[in-house]
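Each chain, written out:
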Amino acid sequence: MRILHVLTAFPRSKDDVIVPWLVALLKRLKAEGHEVEVFTSAYKGGGNDTFEGIPVHRFRYFVARWEDLTHDEATPDRMRRSLRYKLLPLFYVFGGLLGIRRLARRRQYDIIHVHWPVPHALFGWMGRRASRVRPRVVTTWYGVELRWVQSSLPWLRGFVRWALRISDAVVAISSYTAREIARFANAPVVVIPYTLPFAETESKARQHDGSGFQVLFVGRLVERKGVKHLVEAVRRMPAELGARLVIIGDGPERAALERGIRDSGLGTRVETRGRVSDEELRATYASSDVLVLPSILDARGDTEGLGVVLLEAMSYGVPVVASDIGGITDIVEHDTSGLLVPPGDPAALAQALERLARDPALASRLGSVGERRVRSAFGWPEIMAKWQRLYGALARTQTDTASGAVPGATPSRGQVR
């Protein structure tokens with residue numbers, strides 16, 4: 001099948017760390033015989049037209065010097081900066097509609113796979129309308145777009161319902177996101193999570209140096225990650241445990257977080273490293289006692305859609321502690337593959353961390369079970385099998401429609417399970 005993936009941003013070079021798990025999916029689809037292409041936005045007038053053998057079609061939407069709504073920073077964060085960024089989405093949508101109309105007239109696709117359907121469902125609709133063969137439209141929902149609409153963009157609720165209605169298959173990355181979709185429409189949903197970008201997990205040697213209890217956070221420093229609650233939890237832990245916190249990542253909350261650490265006198269116990277190399281990240285995983293994802297519901301109503309950093313830590317056999325919220329519960333089974341705590345509760349988080357610090361056998365068991373869970377439930381063979389079933393079912397319905405087969409003989413319009 002020829003499949004066009006529609007998304008906001010795509011790597012411009014091998015050093016460009018954008019959607020690495022999606023790049024891995026496209027490469028695997030290509031290896032299995034599909035013709036995979038990408039439709040995405042240009043950046044400052046340009047961008048590559050291939051990436052690791054995958055054709056990339058980039059649409060223009062503004063003058064080159066100001067064509068920077070995407071790629072280097074999250075679009076919603078940019079839109080808060082100035083009036084220009086608030087207006088750019090209108091040009092983005094118009095440019096994308098023109099771009100995919102031209103592309104769909106020139107090249108024929110069996111499936112148009114839309115990621116982040118607000119606003120990209122418009123591109124899927126236009127691509128199908130402009131094509132001579134009426135490709136099937138798949139929409140993958142990550143949750144954040146739904147929560148933005150619910151909390152601050154209620155005038156787009158009708159658009160979300162329309163996007164679900166025009167989809168031939170609706171995919172959610174977690175059962176939590178599937179429940180969010182149900183708040184808009186009674187649409188059949190397939191749950192297919194994303195997973196680690198690298199190859200199948202292998203057992204990785206732990207290299208703990210025995211100097212205290214090392215707690216690790218990895219992720220973007222934004223409100224919904226709840227890192228300030230983790231800092232407070234570490235402050236509450238008994239001194240004899242020698243707990244120290246390593247924070248890897250950057251973001252708009254970093255300056256305030258570092259001020260809070262200094263003001264609390266935690267400078268010797270909490271280290272903020274910013275972004276680090278892959279080698280340093282791997283070494284830090286291997287030397288840590290626990291990975292924590294203390295996510296919360298932020299002021300915009302956003303929270304964790306899945307929590308792929310948990311999978312990364314679990315692949316190293318590192319036990320995980322996370323908030324009982326969002327898509328996290330699809331990954332972490334409490335007291336089996338990790339520990340869950342109420343979001344925004346530093347006391348409960350401190351108790352969970354102390355429990356692991358005082359019970360190495362429990363920590364070892366959670367780490368081992370978590371590592372097996374990554375392999376079984378989130379391994380690439382499982383993920384690819386789900387995509388192959390979905391794409392295959394859509395291809396069969398397309399063939400039946402073209403041949404005049406009786407409707408309903410095969411699942412159709414989002415009813416692939």
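Residues numbered from 1 in each chain as written. Predicted model: local features only at pLDDT ≥ 70, side-chain atom pairs only at ≥ 80, totals over all residues. Heavy atoms only, no water.

1. Regarding the overall build of the chain
Scanning the chain from N- to C-terminus turns up 15 helices and 14 strands. Dimensions along the principal axes, computed over C-alpha positions, put the chain at roughly 70 × 50 × 40 Å. Contacts spanning at least 24 positions in sequence make up 71% of the contacts within the chain whose residues lie at least 6 apart. Of the roughly 18,100 Å² of accessible surface on the chain, 52% is carried by carbon and sulfur atoms. (Helix = DSSP H or I, 4+ residues; strand = E, 2+ residues; numbered from the N terminus. Contact = heavy atoms within 4.5 Å. Areas by Shrake-Rupley, 256 points an atom, 1.4 Å probe, with all protein chains shown as cover.)

2. Considerations on the side chain of Thr140
Tracing the backbone through its elements, the reader meets Thr140 in strand β6 (residues 136–141). Residue Thr140 is classed as buried on the basis of its relative accessible area, which comes to 2%. A polar contact of 2.7 Å, which involves the side chain of Thr140, links it to the side chain of His113. Setting aside residues up to four positions removed in sequence, Thr140 forms contacts with His113, Val114, His115, Trp116, Pro117, Glu145, Val171, Ile173 and Trp387. (Buried < 20%, exposed > 50% of the residue type's maximum accessible area, 1.4 Å probe, protein only. Polar contact = N/O pair within 3.5 Å; in protein donor to acceptor, adjacent residues only side chain to side chain.)

3. Overview of the confidence of the model for the chain
Summary statistics for the chain give a mean pLDDT of 90 and a share of 92% for residues scoring 70 or more. This model gives residues 405–417 a pLDDT under 50, and the stretch forms 26 contacts once residues within four places in sequence are excluded. (pLDDT = per-residue confidence, 0-100.)

4. Concerning the packing of helix α11 (residues 308–315) against helix α14 (residues 360–377)
Where α11 meets α14, the closest approach of the two axes is 8 Å, and the angle between their N-to-C directions is 115°. Helix-helix and strand crossings are classified by hand; for α11 and α14 the assignment is left-handed. Residue-level contacts link Leu311, Met314 and Ser315 of α11 to Gly367, Gly370, Glu371, Arg373 and Val374 of α14. Grouping the constituent residues of the contact of α11 with α14 by class yields three nonpolar, three polar and two charged. (Axes fitted to C-alpha atoms, helices over the stretch in contact; angles between N-to-C directions. Left-handed = near helix turned anticlockwise from the far one by under 90°. Nonpolar A, V, L, I, M, F, W, Y, C, P; charged D, E, K, R; others polar.)

5. What to know about helix α5 (residues 144–151)
Taken together, the buried positions of α5 are Val144, Glu145, Leu146, Arg147 and Val149. Summarising the contacts, the buried residues of α5 are in contact with α4 (117–130), β6, α6 (157–165) and α7 (175–182).

6. Digging into the pattern of salt bridges
Inspection of the entire model under this criterion finds 26 salt bridges. Here Glu35 and Arg2 are joined by a salt bridge, their closest N and O atoms 3.0 Å apart. Of the two residues, Glu35 sits in strand β2 (residues 35–41) while Arg2 sits in strand β1 (residues 2–6), which places them 33 residues apart along the sequence. Looking at Glu35, the relative accessible area reads 43%, which means it is partly exposed. Here Arg373 and Glu333 are joined by a salt bridge, their closest N and O atoms 3.6 Å apart. Taken together, the positions of Arg373 in helix α14 and Glu333 in the loop between α12 (328–331) and β14 (339–341) put the pair 40 residues apart, joining distant regions of the chain. A relative accessible area of 18% places Arg373 in the buried class. (Salt bridge = Lys/Arg side-chain N within 4 Å of Asp/Glu carboxyl O.)

7. A closer look at the pairing of strand β9 (residues 213–218)
Within a regular strand, side chains alternate between the sheet's two faces. Of all six residues making up β9, six are buried, and the element is well covered by its neighbours. Residues Phe213, Val215 and Phe217 point to one face of β9 and Gln214, Leu216 and Val218 to the other, with burial holding for every one of them. Since β9 and strand β10 (residues 243–248) lie parallel, the crossover through helix α8 (residues 227–236) that links them has a hand, and here it is right-handed. Both β9 and strand β12 (residues 290–293) contribute to a ladder of two bridges, which runs parallel. Bridge pairing in β12 links Leu216 to Leu291. (Right-handed = clockwise from strand over helix to strand, strands pointing away. Pairing = 2+ DSSP bridges.)

8. Focus on the nonpolar core
Judged by nonpolar contacts, the single largest core of 93 residues is most densely connected at Ile247, Leu291, Leu310, Val321, Leu353 and Leu390. Phe39, Phe59, Val114 and Val137 belong to the second-largest nonpolar core, a separate cluster that totals 20 residues. (Core = buried A, V, L, I, M, F, W, Y, C linked by side-chain atoms within 4.5 Å.)

9. A closer look at the packing of α8 against helix α13 (residues 346–358)
The geometry of α8 relative to α13 is characterised by a closest axis approach of 8 Å and an angle of 55° between their N-to-C directions. Here α8 is positioned oblique relative to α13, judged by the angle of their axes. Seen along the crossing, α8 lies across α13 with a hand that is right-handed. Residues His229, Leu230, Glu232, Ala233 and Arg236 of α8 lie in contact with α13, whose contacting residues are Pro346, Ala347, Leu349, Ala350 and Leu353. Class assignment of the residues belonging to the contact of α8 with α13 gives a composition of seven nonpolar, one polar and two charged. (Parallel < 35°, antiparallel > 145°, perpendicular 65-115°, else oblique.)

10. Quick word on α7
Buried residues of α7: Tyr176, Thr177, Ala178, Glu180 and Ile181, and no others. Of the surrounding elements, those touching the buried residues of α7 are β6, α5, α6, β7 (169–172) and β8 (190–191).

11. Regarding the pairing of strand β11 (residues 270–274)
By the bridge criterion, four bridges tie β10 to β11 in an arrangement that is parallel. Looking at β11, one finds that Val246 is bridged to Glu271. Read as a crossover between parallel neighbours, the route from β10 over helix α9 (residues 254–263) to β11 is right-handed.

12. A short note on the sheet that holds β1
Strand order in this open sheet of eight strands is β3-β4-β2-β1-β5-β6-β7-β8, and the pairing throughout is mixed. Each of the sheet's edge strands pairs with one partner strand only, and the pair in question is β3 (50–51) and β8. Strand direction decides the pairing type here: β1 and strand β5 (residues 111–115), joined by four bridges, are parallel. The partner of Val6 across the bridge, within β5, is Val114. Those strands touched by helix α3 (residues 83–106) are β1, β2 and β4 (54–59), and its axis lies near 135° from that of β4.

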